[in-house]
Structure formats: structure tokens, C-alpha cells
Amino acid sequence: MISYVILGIAFLYAVIQISLYASRRRRPLTRDDIDERLLAALNGGSPSRD
């Protein structure tokens, strides 16, 4: 019985993560976003959000 609860929670977590990933992928990146990501990759850090 406990295993079904754990499987249900894991399934819900996977569905939520997939939906978040899909919603992020639908939005096209602007040139500024691309430039910021490339600059961050070259500098070896994460992009700053000021």
C-alpha cells in the first residue's frame, strides 16, 4: 500500500516537472537572452538577473 503512495507521488512529481519544462521551452528566446547566456557560458558562471 505504501509503495502505491510513493509511486503516485513520484508520478505527480514527474508530471509537474515535465509540464514546467514544456512551458519554459515554448517561450522563444530573445537576442538579449541568447547574448546573456553565451556571455555567462564564456565567463563560467550563471547569468545575473539585475
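Quick caveat: nothing in here was measured; it's all calculated off a predicted structure. (Residues numbered from 1 in each chain as written. Predicted model: local features only at pLDDT ≥ 70, side-chain atom pairs only at ≥ 80, totals over all residues. Heavy atoms only, no water.)

A separate point is the layout of surface pockets. As a volume, the largest pocket reaches approximately 190 Å³. Every residue along the wall of the largest pocket is listed here: Y21, R24, R25, R27, L29 and R37. Per element, the largest residue contribution to the lining of the largest pocket is three residues, and it comes from helix α1 (residues 2–26). (1 Å grid on protein atoms, 1.4 Å probe; cavity = no way out; pocket = protein on both sides within 12 Å on 5 of 7 lines; lining within 4 Å. Points joined across faces, edges and corners; volume = space filled by probe spheres on them. Helix = DSSP H or I, 4+ residues; strand = E, 2+ residues; numbered from the N terminus.)

On the surface, R24, R25, R27 and R37 cluster together into a patch of positive charge. Mapped onto the fold, R25 is located in helix α1. Judged by its relative accessible area of 59%, R25 is exposed. (Patch = residues over 30% accessible without salt bridge, like charges linked within 9 Å, V, L, I, M, F, W, Y side chains within 5 Å. Areas by Shrake-Rupley, 256 points an atom, 1.4 Å probe, with all protein chains shown as cover. Salt bridge = Lys/Arg side-chain N within 4 Å of Asp/Glu carboxyl O. Lys, Arg positive; Asp, Glu negative; His and termini not counted. Charge placed at Lys NZ, Arg CZ, Asp CG, Glu CD. Buried < 20%, exposed > 50% of the residue type's maximum accessible area, 1.4 Å probe, protein only.)

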